[in-house]
Amino acid sequence: MPLPAAALRSFRHRNYRLWAFSDIVSVTGTWMQVLGVNWMVLSATGSATSVGLSLVLQALPTLVLGMWGGALADRLPSRPVIVVSQVTQAVLAALLAMIALGGTGSVAAVYAIVLVSGVVSALTGPAFGRFGAEVVPPEDLPNSLALGSLINSAGRILGMSLAGVLMPLTGPAWLFLINAITFFAVVACVLVMRADEMHTIPLAAASGTHPGGVRAGLAYVLRTPWLLVMLALALVLGSLGRNYQVTMAAMSAGPLGAGAAGYGVLSTVFAVGTVLGGVFAAGRSRLTLRLLLVTAGVVSAAQAVSGLMPDVMTFGALMLPIAAGAVIIDTTVGTRAQLDSPPEMRGRIIAVNGIVGAAAGAIGGPLLGVMSDTMGPRGALHLAGVVTVAATLLAAAAFVRTRARARTSPAPVLPAAAPAAAVEPVG
């Protein structure tokens, strides 16, 4: 399906074209490595729980260190941070390749590398977000974020497909080596970008208006009602209104009786839905609070109804708009959080948004699993949908109240709709 011209407007900018290229190369390599690590751990231990632990070790640093990464992003120029980050990640990927080639490495060594990689991502990820927001003018940022969602979906599919083909032939070592090379592609693209075409966001130290520390970032979030409400809604939607891999698996194995084949079909349908959501968001010039609330309400209601579906076909028909809505919600939250906040806070806002996303995944996956085991997959979908509908209504009421307060305050509490941030390559 060709994208409309308006959905491709960020590609008018040379620096964005380089950024998009580095992004798809980077994401492809990342997913090749993810599959390689999972297979190597599973082969060594025979335990799915051990595989899950490696995923936790990758995500945990974001929850613990994310705000420090945001503070660094607001203090330091992004370009050198990105270069150091990518070189470090390349070394870590090469070490994984050496362990795989040796055939005698312990799982503990793999875990250690995964943890260090997660720490590097947590401390440097917000710098990627700041830099990605500088490769296009502010009016094209919502488009760049939506295109980033498409690029990430494409990179994920491509990386998993390549890994599936190569791993039986070469083993996981070559997946790690290929990923190591992709980091240098990111470095090369960043270094050849034209400085005079960057839309530089002022650093906290340079502006003098907002201190660059973690405490100042947290204080800003806590004293900004509209941002707190939006992040709270994102947390609820991300935990109970996401993690469909859990509920789709439970429905396939249980009430739908579709087994692994049905789960594969639903996963494919969901991937198609994310692409459709990205196309929709990329074609819009404004991503507003109203769009966020309407989409959240529709997706939540669809989730509650999905538990009633009798077969894979009807269940999959609801997964398509739900997946599209998830991308629209994420894109809009990124839009409002970043560009409606002071530019000097950009890194810390990116970090907070990342922490909320990581927390939603950490909370929602196990919670939906427990709900599916105790009340059945259908009951879990019903309850989660009702809760997210209620959360959306409460958020809408809170936004109205915040807007009313803003009208009587000299400083706007709820800013107007704004564009979004760009997605970082993750190598």
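Everything discussed here concerns the structure shown above.
The structure contained in this document is the topic of the report that follows. (Residues numbered from 1 in each chain as written. Predicted model: local features only at pLDDT ≥ 70, side-chain atom pairs only at ≥ 80, totals over all residues. Heavy atoms only, no water.)

**Describing helix α13 (residues 312-339)**
Definition in use: Helix and strand definitions here come from DSSP, where helices need a minimum of 4 consecutive H or I residues and strands a minimum of 2 consecutive E residues; each element is numbered from the N-terminal end. A helix is expected to span 1.5 Å for every residue after the first. Buried, partly exposed and exposed residues are distinguished by accessible area as a fraction of the type maximum, computed with a 1.4 Å probe on protein chains only: under 20%, between the cut-offs, and over 50%, respectively. The term polar contact refers here to a pair of N or O atoms within 3.5 Å; inside protein, the definition further demands a hydrogen-donor-capable atom paired with an acceptor-capable atom, and it admits residues adjacent in sequence only when both atoms are side-chain atoms.
The end-to-end C-alpha distance of α13, which contains 28 residues, comes to 40 Å, matching closely the 40 Å that a straight helix rising 1.5 Å per residue would cover. For α13, the tally of buried residues reaches 20 of 28 residues, placing the bulk of the element in the interior. Capping the start of α13, Asp311 holds a side-chain oxygen 3.3 Å from the backbone nitrogen of Met313, two or three residues further along.

**As for the nonpolar core**
Put simply, the rule is: Working definition of a nonpolar core: buried Ala, Val, Leu, Ile, Met, Phe, Trp, Tyr and Cys residues. They are joined through side-chain atoms within 4.5 Å.
Core analysis: the largest hydrophobic core is formed by 29 residues, its most contacted members being Leu227, Met230 and Phe399. Where this core is concerned, the elements lending two or more residues are α2 (48-75), α8 (214-222), α9 (225-240), α12 (289-306), α13 and α14 (346-407).

**Points about the packing of aromatic side chains**
Selection criterion: In this analysis, rings of Phe, Tyr and Trp, with Trp reduced to its six-membered ring, are considered paired at centre separations within 6.5 Å, and the interplanar angle assigns stacked below 30 degrees, edge-to-face beyond 60, and tilted for intermediate values.
By the definition in use, this model includes 3 aromatic pairs. Measuring from centroid to centroid gives 6.4 Å for Trp19 and Phe128, while their planes differ by 35°, and the two rings are tilted. Linking Trp19 in helix α1 (residues 14-45) with Phe128 in helix α4 (residues 107-134), this pair joins segments that are 109 residues apart in sequence. Taken individually, Trp19 and Phe128 each receive the classification buried, so the pair is uniform in this respect. Members of the aromatic cluster, each reached through a chain of ring pairs, are Trp19, Phe128 and Phe131.

**Some points on the packing of α12 against α13**
Just so we agree on the cut-off: To obtain each axis, a line is fitted to C-alpha atoms, and for helices this fit is confined to the stretch in contact; angles are then taken between N-to-C directions over 0 to 180 degrees. Each angle receives one of four descriptions, namely roughly parallel if under 35 degrees, roughly antiparallel if over 145, roughly perpendicular if within 65 to 115, and oblique otherwise. Should the near helix be turned anticlockwise from the far one by less than a right angle, the crossing is termed left-handed; should it be turned clockwise, right-handed. Contacts were defined at the residue level, with two residues in contact if any of their heavy atoms lie within 4.5 Å. Residue classes follow a fixed rule: Ala, Val, Leu, Ile, Met, Phe, Trp, Tyr, Cys and Pro count as nonpolar, while Asp, Glu, Lys and Arg count as charged, and any other residue, Gly among them, counts as polar.
Relative to each other, α12 and α13 sit at 150°, their axes nearing to 9 Å. For the element pair α12 / α13, the angle class is roughly antiparallel. As for how α12 packs across α13, the hand of that crossing is left-handed. Facing α12, whose interface residues are Leu289, Leu291, Leu292, Thr295, Ala296, Val299, Ala302, Gln303, Val305 and Ser306, α13 presents Phe315, Leu318, Met319, Pro321, Ile322, Gly325, Ile328, Ile329, Thr332, Val333 and Arg336. Taken together, the residues that form the contact of α12 with α13 break down as 15 nonpolar, 5 polar and 1 charged.

**A word on a nonpolar patch on the surface**
Which entries qualify depends on this criterion: Every patch collects residues that have over 30% relative accessible area and no salt bridge, joining them within 9 Å if they carry like charges and within 5 Å if they are nonpolar side chains (Val, Leu, Ile, Met, Phe, Trp, Tyr). Working definition of accessibility: Shrake-Rupley area with a 1.4 Å probe, residue cover restricted to the visible protein chains. When a carboxyl oxygen of Asp or Glu lies within 4 Å of a side-chain nitrogen of Lys or Arg, that pair is called a salt bridge.
Together, Leu53, Val56, Leu60, Leu63 and Val64 make up an exposed nonpolar region whose accessible area comes to about 390 Å². Tracing the backbone shows Leu53 in helix α2.

**Thoughts on the pattern of salt bridges**
Taken as a whole and judged by the stated rule, the model has 6 salt bridges. A salt bridge links Asp340 to Arg336; the shortest N-O distance between them is 2.5 Å. A relative accessible area of 12% places Asp340 in the buried class. Linked through salt bridges whose partners overlap, the residues forming this network are Arg9, Arg12 and Asp140.

**Some words on the packing of helix α3 (residues 78-102) against helix α6 (residues 172-191)**
In the contact formed by α3 and α6, the axes pass within 8 Å of each other and the chain directions differ by 165°. As the angle between them shows, α3 and α6 are arranged roughly antiparallel. Note on packing geometry: the crossing formed by α3 with α6 is left-handed. Split by residue class, the contact of α3 with α6 holds 21 nonpolar, 3 polar and 1 charged.

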